[in-house]
Amino acid sequence: MRVIPFPGGSGTGPDESWLTEIEAALDGTGEGPRADSWRELRDDVRTLAPPISPEFERELGERIAEWSARSATKRSAPKGSTPRQPRRRWGWPRRPGRPALAGVSVACAVIAAVLIAAPWRPAGHTVESSPRSPSAAARADRLGPAFDQAENAPVAGASGAKASSKGAEVAASGAAGSSAATNAPAASGATSAPGRVQQLGASITLTATPEEVQTVADRVSRLTTSEGGFVRSSHVDEGEKTGEATFTLSLPSAKLSDTLASLGQLAPVRAESQSLQDITNTYDAARQRVADATAERQALLRALSKATTEGQIDSLRERLAQNGGAIARARAALGTVSRQASTAEVEVTVVGDKNANSEGLTLHRGLHDAGRVLTVTLVVLLIAAAVLVPLALVAIALATARRAWRRHRRERVLGG
Amino acid sequence: MPERMKLDEEAFDRLFREGAADVHGYAISLLGDRAAAEDVTALAFERLYRARARLDRGRGAPRAWLFAIARNAALDELRRRSRQPQSELPEEMHDGGNTGEDAFEQLARRATVRDALAALPLREREVVLLKFHGQLSNSELAKALDVSESNAGTRLHRALTRLREKCNELDDREEVA
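Residues numbered from 1 in each chain as written. Chains lettered and ligands numbered in written order. Predicted model: local features only at pLDDT ≥ 70, side-chain atom pairs only at ≥ 80, totals over all residues. Heavy atoms only, no water.

## Observations concerning the overall build of chain A
Looking only at helices and strands, chain A features 13 helices and 5 strands. Classification of the 416 residues of chain A by burial places 34% in the buried group. Here the contacts in chain A between residues at least 6 apart in sequence split such that 74% fall between residues at least 24 apart. Of the roughly 23800 Å² of accessible surface on chain A, a fraction of 57% belongs to carbon and sulfur atoms. (Helix = DSSP H or I, 4+ residues; strand = E, 2+ residues; numbered from the N terminus. Buried < 20%, exposed > 50% of the residue type's maximum accessible area, 1.4 Å probe, protein only. Contact = heavy atoms within 4.5 Å. Areas by Shrake-Rupley, 256 points an atom, 1.4 Å probe, with all protein chains shown as cover.)

The following block contains the structure:
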């Protein structure tokens, strides 16, 4: 007895009508014995499965109701007050949420972007811009790398053998400031010539409110002392509506750029200029005079040792005394030139202006600052994108591969 | 951008009431183990609940999603246990309350179907179970199997043809006996 009169198929593969027929039969729209046989088969297959346990169904229903209740509580409760969820009864440990992963990814990208962006900053810019000194960065740009070399390139190292010998001679002569016999850097972007002896100078004009002039003046004095210099002269004039303080500072040439940057942070900078004077010839001449006088002294001493008559001896001693004076003068002159090279003179003017505080709030400055912020933001975004896009591509590739691998492993269970 | 649909609490509850027994039936028929089938059923509903806010309408109705999840969970369970399911389908069957000669004939037919189904390779049996327990359309079946619709149709056709052949064989053997 054939009890299962199945409808036939094409044998090799389904045609559209076969699929349509079974679809219609199973959704109840198909009629006829063939449709009935499909439905009968479906019902037989479904009946083979043991029914779901009522206890399990009830328990699962309660659990779903619990999820719903918890979800409703979570939605209605203020953020952060959601009770901790109990440990899952089925499945695997909950993975970190996508927002958390996204947050971590973005944080990593930003950190990477900052790390990558850091070396982009110009190497010579050690001057930090300050909200109160908008021109500080611009000044650092104008000064160029030469000013920063002043602190990083000691005299001998930067100026070559000639400079070294000069430094040594200056030290030997007892003159002050042997450390700055030559100055490799040049102000105002002037090209530094190795082996040249240069005298640096600068002037800077700061603005402050009249009542702040004295405070700024005090800070200028303290800053000068802390940088190893001294105030050569100062004058402070305070008034109700105006005020002014002028300083003449003497600073180590090597610290000029630092000090100017620090001065620029004390108050907004209205004007600033730097100067450089080459005093190599003067220095060489002074050095030569010392060398000549020293050579003459040695010649006189040799002649004295060979003198035989009283007259010769007295004459030589007199010339030695004159020579001693010449050597002292020559060394003093060399010391003066060396001091000029090793110290920089800075004229500081603090101008009291009742509008000083609003000076920085001009439209131009606002636009400039906004432009800078936008530029930096764009650079950071660009770098972040440069980091994130490859990461995203790798993540997508990994996710695709993982999905394919999981699917492969699942299908492998089915065999074939 | 795939169109998203949100499965609200009420719809989810309705899906549970209408689909829990079917998911369980699919799982127990595939795994041959009541405890494992209950785990798979619970896991499928839990995963669907968690994903209810981001269902992709392109992947069919929530019921199709539910069975796709249940299938993955069942295959994971099979893989995790690293053993094949019981070669025999569960013995317990329902006669639907019929009595007499019809009931006997029905029982005999179902026994034949059960034996034929058990004789099918697991890959083909799974397609039949998914189609009949899930009551999925052909396109939904393709989505659940993660294959193209034509591929799903081919697999369904092959499985049902093989099932028919097995049933005929068993019938012939019974008649000879």
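## What about the nonpolar core?
Formed by 71 residues in total, the largest nonpolar core has its most connected members in B:F45, B:V128, B:L160 and B:L163. Residue contributions to this core peak at 11 residues, all from helix α3 (residues 62-81) of chain B. Setting aside anything within four residues of it in sequence, one finds B:F45 in contact with A:L60, A:I64, A:W67, B:F12, B:L15, B:F16, B:G19, B:A20, B:V23 and B:L66. (Core = buried A, V, L, I, M, F, W, Y, C linked by side-chain atoms within 4.5 Å.)

## As for the packing of helix α8 (residues 213-226) of chain A against helix α9 (residues 256-266) of chain A
Residue and element names in this part refer to chain A. Between α8 and α9, whose axes approach to 10 Å, the crossing angle comes to 160°. Of the possible angle classes, the one that applies to α8 and α9 is roughly antiparallel. Crossing of α8 against α9: the hand is right-handed. Here V216, R219, V220 and L223 of α8 lie close against α9, whose contacting residues are T259, S262, L263 and L266. For the contact of α8 with α9, the residue count by class is 5 nonpolar, 2 polar and 1 charged. (Axes fitted to C-alpha atoms, helices over the stretch in contact; angles between N-to-C directions. Parallel < 35°, antiparallel > 145°, perpendicular 65-115°, else oblique. Left-handed = near helix turned anticlockwise from the far one by under 90°. Nonpolar A, V, L, I, M, F, W, Y, C, P; charged D, E, K, R; others polar.)

## Some details on the confidence of the model for chain B
Residue and element names in this part refer to chain B. Counting all residues, the mean pLDDT for chain B is 81, and 79% of those residues have values of 70 or more. Averaged pLDDT values over the elements of chain B bottom out at 55 in strand β1 (residues 4-5) and peak at 92 in helix α5 (residues 122-134). In the model output, the complex is listed with pTM 0.50 alongside ipTM 0.85. (pLDDT = per-residue confidence, 0-100.)

## A word on the pattern of salt bridges
Counted under the stated rule, the structure contains 26 salt bridges over all chains. Where A:R34 meets A:E21, a salt bridge forms, and the shortest distance between an N and an O atom there is 3.1 Å. Taken as a pair, A:R34 in helix α2 (residues 33-48) and A:E21 in helix α1 (residues 16-26) lie far apart in primary sequence, 13 residues in all. A salt bridge links B:R63 to B:D22; the shortest N-O distance between them is 2.5 Å. With B:R63 in helix α3 and B:D22 in helix α1 (residues 9-31), this residue pair connects regions lying 41 residues apart in the sequence. Here B:R63 falls in the buried class, since its relative accessible area comes to 18%. (Salt bridge = Lys/Arg side-chain N within 4 Å of Asp/Glu carboxyl O.)

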